[in-house]
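Below, each chain spelled out in residue letters.
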Amino acid sequence: MAVVRADSEAPIIEVRGLENRFGDQIVHQDLNLDVRRGEIIGVVGGSGTGKSVLMRSIIGLQTPAAGTIEVLGENMVGRSEDEAKNIRRRWGILFQNGALFSTLTVAENVEVPLREYFPKFGSQLMDEIASYKISMSGLPAEAGNKYPSELSGGMRKRAGLARALALDPELLFLDEPTAGLDPIGAQAFDQLILSLQKKLELTVFLITHDLDSLYAICDRVAVLADRRVIAVDTIDRLLQMDHPWIQEYFNGPRGRAAAAA
Amino acid sequence: MAATLASPDRLGGNIFSPAGALTIVRAGSVARELENTPDPLTIDLSRVERMDTVGAWLVHRSVRDRGARVTGASPELQELLRQVAQADHPAPVRPEGERGAVAELGAWTIESGRTLVGLLGFFGATLIGFLNLARHPKRFRYNAVVQRFDVVGVRALGIIGLMSFLIGIVIGQQGAVQLQQFGAEVYTINLIGRITVRELGPLMTAIMVAGRSGSAFAAQIGTMKITEEVDAMRTIGVSPVEALVIPRLIASVVMMPLLAFWAMLLSLVGGGLFCWISLEIPPLTYVQRLAEVVPATDLWVGLIKAPVFGFIIALAGCFQGMLVANDAEQVGLKTTAAVVQSIFLVIILDAVFAIFFSSIGWI
């Protein structure tokens, strides 16, 4: 592994001049974003500002109209599936509703990436890895052989997280992980992410609407508005900016309540 | 990257001393090497630069199962080992209940019985729905019914017409080949006339409608169940049977005989065209001959069967749609079940009708 710059210096995700459009509608224009290794970065923005589109562009599900995206030092735009495979192995993604395979049990879901990338692992080792991932994600062991349809929303998110962590990724993408959870469940999930991030030295790219999550776990917050990232900073610093959306977002009644908590 | 070393130590045990990265990428080979190193085992982690949870797990399970001793672990590695040990709760992986063949057969039988009882219950619920509508005719949804007429009937004309036309030609052609051996080509007309009007017209139409509309009913209602639209309807006070099931039933029952008649007509046209071109029977003779050999009762048989088939198709489609619960996969399963069930029931009923009409002398 040839490391030119020290790892802590080089951004783990580097987006430059990103442009995304659907027909006439321009979602992103000249969007830049750096994510540093080892941080939890929160991405916020009003509905329709393209938070999910940004994530989909970074992970290669959406081909941008222009711009470059580098993840883990590798260019992601226009790469073939096979070429991108080595990078895909190094990240994990939790989709909004878990996106668990409904015909497989939770443990089998966790084993899917393992089987895909490491088919030579014995099935016993595979089962053991699935078991401790399930346990690390805060699910009871009995959930292992349940089908996704038999789980509650919160458990489904945890199962999705277990699958995202299956390959010990360096980078974790979370799309609104606490949406639809009750406050207690959401807080527990926040703490779970925080503790996993510390334990496993993860970099976390977190899309969220949850102000409590932002205050509780994010090192920095990227604000999407006007088709680009208008600011990336700690919440304290963001509060001092006078962009109307940022002020309304963090200084609205909910924002202040979350800040007080 | 330095090689992994397994060497005997002074006390007669073995030291396993991996170097560099002990991560998921190397887990397969490390697991094998660990297995091949005989007990008593000491794992020396002093040369490990990076370890992930999979690496930690391999160390942990050697400690757990073989009483291996771990040396040289830095505080970070010790912490990771502790984390993994904490998460050591074996979870069941595969679904419960791998059943034997007999149990499978039993479960299938019970399931089939339940479905049949459920279908009967659903039939009852629709009858009650019809009675309620009869008492409150204002609640009848004309718009929904007319829209279904369009979807089930008008839009099916093209495909059913084409299919019937081709079937008419095929029957004529196949029949003529056989009958020519006896010099009886002219009986091809009897064959085409009787088989399409009495049997194939309504039956093929029923199969087409089951595939086209029965499946759509199941998928539409099933999707509405998943998105909780059906529940929303109930809470607003709209009966799903009145709003969803009855318009589809009426549309199928009314449209099936019309489509079946259309199918008969196009089959006769197809057969006639074949007779004209291939057997040189002019159209006028064909029509005259048809009128002589196809009794009116054949037409009645076909047209009486068709609405019953339509009813069964719509009933099975709506019933399966209503059975959808939990997840999207069920929509697919129930749609398949709706088509299979309705075609199965249609064919059984067709046999019953055949016996019935024979015994009342409509031969």
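Under an unreviewed UniProt entry, chain A has the name ABC transporter, ATP-binding protein (Cluster 9, phospholipid) and belongs to uncultured Sphingomonas sp.

Chemist: Which parts of the structure should I look at to understand the overall build of chain A?
Modeler: If you tally the helices and strands in chain A, you get 10 helices and 10 strands. The globule rule puts the C-alpha radius of gyration for 261 residues at 18 Å, and the 18 Å found for chain A is close to it. Across its three principal axes, chain A shows a C-alpha extent of roughly 55 × 40 × 40 Å. Taken over 261 residues, chain A has a buried fraction of 53%. Intrachain contacts of chain A at a sequence separation of at least 6 include 66% that bridge at least 24 residues. With the model as given, the accessible surface of chain A reaches about 11800 Å², and the carbon-plus-sulfur share is 47%. When the 28 basic and 35 acidic side-chain charges of chain A are each reduced to a single mean position, those positions are 1 Å apart.

Chemist: Quick question: what am I supposed to make of the interface of chain A and chain B here?
Modeler: Contacts between the two partners involve 32 residues from chain A and, on the opposite side, 28 residues from chain B. Of the roughly 2500 Å² buried between chain A and chain B, counting both surfaces, carbon and sulfur atoms make up 60%. A per-residue breakdown of the area chain A buries against chain B is headed by Glu128(A), Tyr132(A) and Asn145(A), which together make up 21% of the total. There are 3 salt bridges connecting chain A and chain B. Ionic pairing is found between Arg61(B) and Glu128(A), a salt bridge with its closest N-O pair at 2.9 Å. Those elements giving two or more residues to the side of chain A that touches chain B turn out to be helix 3 (106-117), helix 4 (123-136) and helix 6 (183-200) of chain A. Of all the elements, helix 4 of chain A adds the most residues to the side of chain A that touches chain B, at 10 residues.

Chemist: Mind showing me how you'd approach the pattern of salt bridges here?
Modeler: Between side chains of opposite charge, pairing is possible as soon as their charged atoms come close. Per the counting criterion, the structure on display carries 22 salt bridges over all chains. When the shortest N-O distance is used, the salt bridge between Arg37(A) and Glu170(A) registers 3.4 Å. With Arg37(A) in the loop between strand 2 (25-36) and strand 3 (40-45) and Glu170(A) in the loop between helix 5 (153-164) and strand 7 (171-175), this residue pair connects regions lying 133 residues apart in the sequence. Residues Arg64(B) and Asp88(B) are paired through a salt bridge, measuring 2.9 Å at the closest nitrogen-oxygen approach. Here Arg64(B) is found in helix 2 (residues 53-66), whereas its partner Asp88(B) is found in the loop between helix 3 (75-86) and helix 4 (101-135), with 24 residues between them in sequence.

Chemist: Just checking my understanding: could you explain the packing of helix 4 of chain A against helix 2 of chain B for this structure?
Modeler: What describes two packed helices is the angle between their axes and the distance between those same axes. Taken N-terminus to C-terminus, the directions of helix 4 of chain A and helix 2 of chain B make an angle of 110°; their axes are 11 Å apart at the nearest point. Between helix 4 of chain A and helix 2 of chain B, the angle is such that the two are roughly perpendicular. Residues Leu125(A), Glu128(A), Ile129(A), Tyr132(A), Lys133(A) and Met136(A) of helix 4 of chain A pack against Thr53(B), Val54(B), Trp57(B), Leu58(B), Arg61(B) and Arg64(B) of helix 2 of chain B. Considering only residue class, the contact of helix 4 of chain A with helix 2 of chain B consists of 7 nonpolar, 1 polar and 4 charged.

Chemist: Sorry if this is basic, but what is going on with the nonpolar core here?
Modeler: Note on soluble globular proteins: their nonpolar side chains tend to be buried together. Counting 82 residues, the largest nonpolar core has Leu214(A), Val221(A), Phe250(A) and Leu45(B) as the members making the most contacts within it. In this structure, Leu133(B), Val145(B), Ile221(B) and Leu244(B) belong to the second largest nonpolar core, which totals 43 residues.

Chemist: So what exactly am I meant to see when it comes to the sheet that holds strand 10 (residues 228-233) of chain A here?
Modeler: As a general point, the strands of a sheet are linked pairwise by backbone hydrogen bonds and lie either parallel or antiparallel. Residue and element names in this part refer to chain A. Strand order across the open sheet formed by 6 strands is 6-7-8-3-9-10, with mixed pairing between neighbours. Of all the strands in the sheet, just strand 6 (91-94) and strand 10 have a single pairing partner and so form its edges. In this sheet, neighbouring strand axes are inclined to one another by 15° on average, regardless of whether the strands run parallel or antiparallel. Across 4 bridges, the pairing between strand 3 and strand 8 (residues 203-207) is parallel. In the strand pairing of strand 8, Ile 41 is matched with Phe 205. Helix-sheet contacts for helix 1 (residues 51-58) involve strand 3, strand 6, strand 7, strand 8 and strand 9 (220-225), and the interaxial angle to strand 8 is about 145°.

Chemist: What exactly am I supposed to notice about unusual backbone geometry here?
Modeler: Most peptide bonds adopt trans geometry, and most residues besides glycine take a negative phi value. Residue Glu176(A) is not a glycine yet carries a positive backbone phi of 45°. Relative to the helices and strands, Glu176(A) is located in the loop between strand 7 and helix 6. Judged by its relative accessible area of 14%, Glu176(A) is buried. The backbone of Glu280(B) shows a phi angle near 60°, a positive value even though the residue is not glycine. Tracing the chain through its elements places Glu280(B) in the loop between helix 9 (240-278) and helix 10 (283-293). By relative accessible area, which is 66% here, Glu280(B) ends up exposed.

About the cut-offs
- Residues numbered from 1 in each chain as written.
- Chains lettered and ligands numbered in written order.
- Predicted model: local features only at pLDDT ≥ 70, side-chain atom pairs only at ≥ 80, totals over all residues.
- Heavy atoms only, no water.
- Helix = DSSP H or I, 4+ residues; strand = E, 2+ residues; numbered from the N terminus.
- Rg over C-alpha atoms; globule rule 2.2 N^0.38 Å.
- Buried < 20%, exposed > 50% of the residue type's maximum accessible area, 1.4 Å probe, protein only.
- Contact = heavy atoms within 4.5 Å.
- Areas by Shrake-Rupley, 256 points an atom, 1.4 Å probe, with all protein chains shown as cover.
- Lys, Arg positive; Asp, Glu negative; His and termini not counted.
- Charge placed at Lys NZ, Arg CZ, Asp CG, Glu CD.
- Buried area = accessible area lost by both parts, 1.4 Å probe.
- Salt bridge = Lys/Arg side-chain N within 4 Å of Asp/Glu carboxyl O.
- Axes fitted to C-alpha atoms, helices over the stretch in contact; angles between N-to-C directions.
- Parallel < 35°, antiparallel > 145°, perpendicular 65-115°, else oblique.
- Nonpolar A, V, L, I, M, F, W, Y, C, P; charged D, E, K, R; others polar.
- Core = buried A, V, L, I, M, F, W, Y, C linked by side-chain atoms within 4.5 Å.
- Pairing = 2+ DSSP bridges.

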